[in-house]
Amino acid sequence: MEKYKHYINGKFIEGSEYFDSIDPSNGKPWALFPAANEEDSNFAVESAYNALFKGPWSKLTATQRGKLLHKLGDLISENANHLGDIETKDSGKLRAETRSQSGYVADYYYYYAGLADKIQGDVLPIDKPDMRVFTTREPIGVVVAIVPWNAQMFLSATKIAPALAAGNTVVVKASEQAPAALFKLAELIDQAGFPPGVVNIITGYGEPCGRVLTSHPKVASVAFTGGCDVAKMIVKNTAENFAHVSLELGGKSPMIIFDDCEIDSAVNGIVAGNFGASGQSCVAGSRVFVHRNIYKQIVEKLEKESKNIVIGDPLDKRTHVGPLATLAQVERAKDVLKESISQGAELVFGGNIPKHMKSGWYFEPTLLLCHDQSIKSVQTELFAPVISLIIFDSEDEVIDMANDSEFGLGAGVFTQNLARAHRVSQQIRSGIVWINTYRAISPISPFGGFKNSGGSREAGLDVIYEYTRTKTTWINTSSEPMANPFVIR
Ligand code: NAD
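Residues numbered from 1 in each chain as written. Predicted model: local features only at pLDDT ≥ 70, side-chain atom pairs only at ≥ 80, totals over all residues. Heavy atoms only, no water.

A. Spatial organisation of the site of the ligand. By nearness alone, 28 residues border the ligand, and Lys 173, Glu 176, Gly 227, Leu 249 and Glu 381 come closest of all. Residue Gly 227 places a main-chain N or O atom 2.7 Å away from an oxygen atom belonging to the ligand. Between the ligand and Glu 381, the relevant distance is 2.5 Å, taken from an oxygen atom to a side-chain nitrogen or oxygen of the residue. Within the complex, the protein chains bury 88% of what would otherwise be the 860 Å² of accessible surface of the ligand. Because more than half of its atoms lie within 2 Å of the grid, the ligand is assigned to the largest pocket. (Near = heavy atom within 4 Å. Polar contact = N/O pair within 3.5 Å; in protein donor to acceptor, adjacent residues only side chain to side chain. Areas by Shrake-Rupley, 256 points an atom, 1.4 Å probe, with all protein chains shown as cover. 1 Å grid on protein atoms, 1.4 Å probe; cavity = no way out; pocket = protein on both sides within 12 Å on 5 of 7 lines; lining within 4 Å. Sits in = over half its atoms within 2 Å of the grid points.)

B. Examining empty space enclosed by the protein more closely. Under the criterion given, the structure shown has three cavities of 30 Å³ or more. Estimated volume of the largest cavity: approximately 90 Å³. Around the largest cavity, the lining is made up of 14 residues, and of these Gly 279, Ala 284, Ser 286, Leu 382 and Phe 383 lie nearest the centre. Looking at side-chain class alone, the lining of the largest cavity contains six nonpolar, six polar and two charged residues. Pro 254, Arg 287, Ala 402, Phe 407 and Gly 408 are, among the 14 residues lining the second largest cavity, the residues nearest its centre. Of all the elements in the fold, those that place two or more residues in the lining of the second largest cavity are helix 13 (395-403) and strand 18 (407-408). Across the lining of the second largest cavity, the residue classes break down as five nonpolar, five polar and four charged. (Points joined across faces, edges and corners; volume = space filled by probe spheres on them. Nonpolar A, V, L, I, M, F, W, Y, C, P; charged D, E, K, R; others polar. Helix = DSSP H or I, 4+ residues; strand = E, 2+ residues; numbered from the N terminus.)

C. Geometry of the environment of Ile 257. Relative to the assigned elements, Ile 257 resides in strand 13 (residues 254-257). In sequence terms Ile 257 and Asn 42 are 215 residues apart; their C-alpha atoms lie 50 Å from each other. In contact with Ile 257, other than residues within four places in its own chain, are Ala 266, Ile 270, Val 288, Phe 289, Val 290, His 291, Ile 294, Ile 298, Phe 392 and Phe 414. (Contact = heavy atoms within 4.5 Å.)

D. Seen up close, the sheet that holds strand 5 (residues 28-34). In spatial order, the strands read 1-5-4; together these three strands make up an open sheet with mixed pairing. Looking at which strands have only one partner, the edges of the open sheet turn out to be strand 1 (2-3) and strand 4 (18-23). Relative to strand 5, strand 1 is paired through two bridges, and the arrangement is parallel. What sits directly across from Glu 2, in strand 5, is Ala 31. Relative to the sheet, helix 3 (residues 80-91) contacts strand 4 and strand 5, its axis offset from that of strand 5 by approximately 110°. (Pairing = 2+ DSSP bridges. Axes fitted to C-alpha atoms, helices over the stretch in contact; angles between N-to-C directions.)

E. Looking closely at the layout of surface pockets. In this structure, the largest pocket spans a volume of roughly 1,100 Å³. What lines the largest pocket is a set of 43 residues, among which Pro 148, Phe 224, Gly 226, Gly 227 and Val 230 lie closest to the centre. Among the secondary structure elements, those contributing two or more residues to the lining of the largest pocket are helix 7 (206-215), strand 11 (219-225), helix 8 (228-237) and helix 11 (327-342). Residue contributions to the lining of the largest pocket peak at six residues, all from helix 8. Taken together, the residues of the lining of the largest pocket sort by class into 19 nonpolar, 15 polar and nine charged. Looking at the lining of the largest pocket, you find at least three residues from each of domain 1 (2-249 + 454-473) and domain 2 (254-435). Roughly 320 Å³ of volume is contained in the second largest pocket. Considering the residues around the second largest pocket, the lining is formed by 18 residues, among which Glu 97, Gln 101, Phe 154, Arg 439 and Ile 441 are closest to the centre. Elements represented by at least two residues in the lining of the second largest pocket include exactly helix 4 (95-115) and helix 5 (152-165). (Domains from an automatic or database assignment.)

Okay, structure coming up:
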């Protein structure tokens, strides 16, 4: 089995403990990863801290930082297929998806490479005589980036690239469930020529690794993507160091299908939003609201579509839906389905482990007809290819139902009526609304949610301010000495 090493302070070092990573397509261990203990986690933070305050990194110009990021983007682009293949082996996501996503990740590095030397301050029209006052944007400090297993290359890029562009140093904690691609990324970071300690990549469990990183006194900021339960622990941990926290959490996104929509486009949207990435996407549009006038047509088309879906090996080009990342997710999907059916939901198709897959963690694309939102499958973020479909009659009713969720990450609206598209989009409480499309992303476009989906934003211009703090400098320009404060004139 392949054995990976921590990447700390510019060196690949052995761990003191290792764990197996399992290939979800067959349920067998395929590689060994070091589980960072307290000492490793502390070392990673100390290395990032020294690189920031004592190493050559802070002496580089912003343009030089941008050039390094550009070089890293080139290396990612050249190695996109290899990175994608590793991610597929480790997470079970389709090779077609991981390869194209890894290629696109390079664009995030290019975008922030270009932005590095455009982070500037202001000269203030200050209300005092003989004073020159200006602001500069300073790096916030050591950034800890914690990512989940479902899109490690992408979710780490949205943190590493802006953090480095702004002049910070970073410790990345890869998910213990599929860390391999980030260790390959470490090799590319090394090859690009970043000074030692500027980026450190480790993996490990919440305890001790996650706890030590997020409560460490030398950490200034924690950028987290994952679930709400872990987010709560991180917020508690940062009471120790008052680190700034940005949160990108879960979702249970609504897709609203009006009766004036282009039906085939809506069906493609529902399939992309629910069966793409085998349903393991934070923006899965898993609450599908369909107008009563067209619901029979939509259900028929989805049923027909489901018969053409190929479930199989994620490395095989012909596969549409691969395995789930963990056995626990398969068990959870089964349990939630059982409970939903006992509450009155009607199973239209799917709902089982596919018979032709003799090993691995597969689950059939599934459609449940739910009479209202009290059904368990409508309430629960599943991370499995399961659609909960609900019929609606009016625009006001569906907006209320769409907003009746603890989450507010994405939303989809399918309609040919432009005024309605704008009207509904304005009223939906979510960070992203896709009209007549779904799951589109870009480095140029901010990404994030409302409510329990976390209020932070990643990508786009403004995120750079998450990774900087304003410093205000006052200069007395008078030729006179500073006045004695105890002498009243
Ligand atoms: P998770 O919350 O279980 O784990 C995320 C990361 O947190 C992992 O690296 C894990 O090791 C780490 N962690 C665990 N305990 C910790 C602790 N005490 N301190 C610090 N770190 C700790 O999430 P998951 O199961 O890996 O991923 C699925 C979740 O991620 C879903 O809820 C999904 O919606 C969410 N997600 C959100 C987005 C987004 O952009 N909003 C994107 C992808 C996934």
